[in-house]
Every structure is written in structure tokens, then in C-alpha cells.
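Residue strings, one per chain:
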Amino acid sequence: MAKRPAWATKKINDAKKKNPKVVKPFIKRMVSDNGMEIIDKILCPKCDAPIKSLVIDDRFTESQNVGEKVVIRERMVMAELPNTQNIRIKMDGGGDHVMTVCKSCSSGLSQNDLEALYAADLVQFGELEKNGGGSVPWYVFEGKKPKGYKLED
Ligand SMILES: [Zn+2]
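Residues numbered from 1 in each chain as written. Predicted model: local features only at pLDDT ≥ 70, side-chain atom pairs only at ≥ 80, totals over all residues.

**Student:** Whenever I open this one, the environment of Lys 24 confuses me. Can you help?
**Tutor:** Tracing the sequence through the fold places Lys 24 in the loop between α1 (6–18) and β1 (27–31). Lys 24 gets classed as partly exposed once you count the C-beta atoms within 10 Å, which come to 18. C-alpha separation for the pair Lys 24 and Gln 64, spaced 40 residues apart in sequence, amounts to 43 Å. Those residues in contact with Lys 24 that lie beyond four places of it in its chain are Ala 120 and Val 123. (Helix = DSSP H or I, 4+ residues; strand = E, 2+ residues; numbered from the N terminus. Buried ≥ 20, exposed ≤ 12 C-beta atoms within 10 Å, placed from the backbone. Contact = placed C-beta atoms within 7 Å.)

What follows is the structure, given as C-alpha cells:
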């Protein structure tokens, strides 16, 4: 398994010095009743407001009479919350980097904010890789720096 390369760790540490509250994992996990580790919610990396969360999907709700009790089974799905806003960060070094933040944070992001958000994503990629989410193609993110952004529809 690929490990987070030194350049990424340096980028993360540099951004963390300026923005310790932003440069951290923002996907929150929990252990379900049957012992599986699952994603519980995704926070706005900048302000920690939930932007995606597990919600009950009514289409799959079942009820069953068991003796005198009614057992209700509900299925949870990960859903985008109404305050979600995707942003497209233009990268110096080529390409765009799409991230999700909350609507209130999405306007007026500074250069410093964009660098912190990009570093937070690198932190999160490392976490996913560590938790068995597969190898991260780190080379794709190397040598790039945010240079402005726009809101996605
Ligand atoms: Zn926010």
C-alpha cells in the first residue's frame, strides 16, 4: 500500500501552522450495531457544520408484528444536506480540485482558506487509505497549489 509521500506531509504541516482548525480529517466514522465501521457524517472542513449525514430512507421502512410488539426496520442512507456547496478550485500546476463545503463558508474563501482546504483533503485521503479505502494516486496531487475557485451548480 502506498504511503502518504513526504511532499504531502510537508504541505499538510505548512497549512496546519496557519490553519490548525481546518487541516484535519472531516469524515466522521462510527461503529454500527453489527460492529461495522461506517461513515456517520461529513463535516464542512472549514467550520465543522455537517454537510452530509446518515438519514432515514422511508422507501425501505418495514414494520413487522412480533408477538405484541411492532418491530420497525429503517434503512439509513448518506445524503447531502441542504447547506452543501461544491466548489471547483483552479490548481496552479494543472487541473481543478472539487471539494464540498457548507454554503456559508463557500463565499469569500481566501487564498489561505483554499490552501487549508486542499491540505485538509490530503489529510482525509491519507485517512481513507489508512482505513482500507484503497491506494491514493498521490502523484495526481503533487506540485499543485490553489489559485482561485468558483461555485459549482
Ligand atoms: Zn462551513
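**Student:** What should I look at first to understand the sheet that holds strand β7 (residues 145–151) in this one?
**Tutor:** Sheet strands pair via backbone hydrogen bonds, and the direction of the pair is either parallel or antiparallel. Reading across the sheet, the three strands line up as β6-β5-β7 and stay open at both edges, with antiparallel pairing between neighbours. Looking at strand neighbours, the two that pair on one side only are β6 (96–102) and β7, the edges of this open sheet. When strand polarity is set aside, the average angle formed by the axes of neighbouring strands in this sheet is 35 degrees. Sheet topology note: the strand β5 (residues 84–92)/β7 ladder contains five bridges and is antiparallel. Each residue of the ladder has a partner; that of Arg 88, found in β7, is Lys 150. Sheet strands touched by helix α3 (residues 111–130): β5, β6 and β7. Its angle to β7, the strand with the most contacts, is close to 100 degrees. (Pairing = 2+ DSSP bridges. Axes fitted to C-alpha atoms, helices over the stretch in contact; angles between N-to-C directions.)

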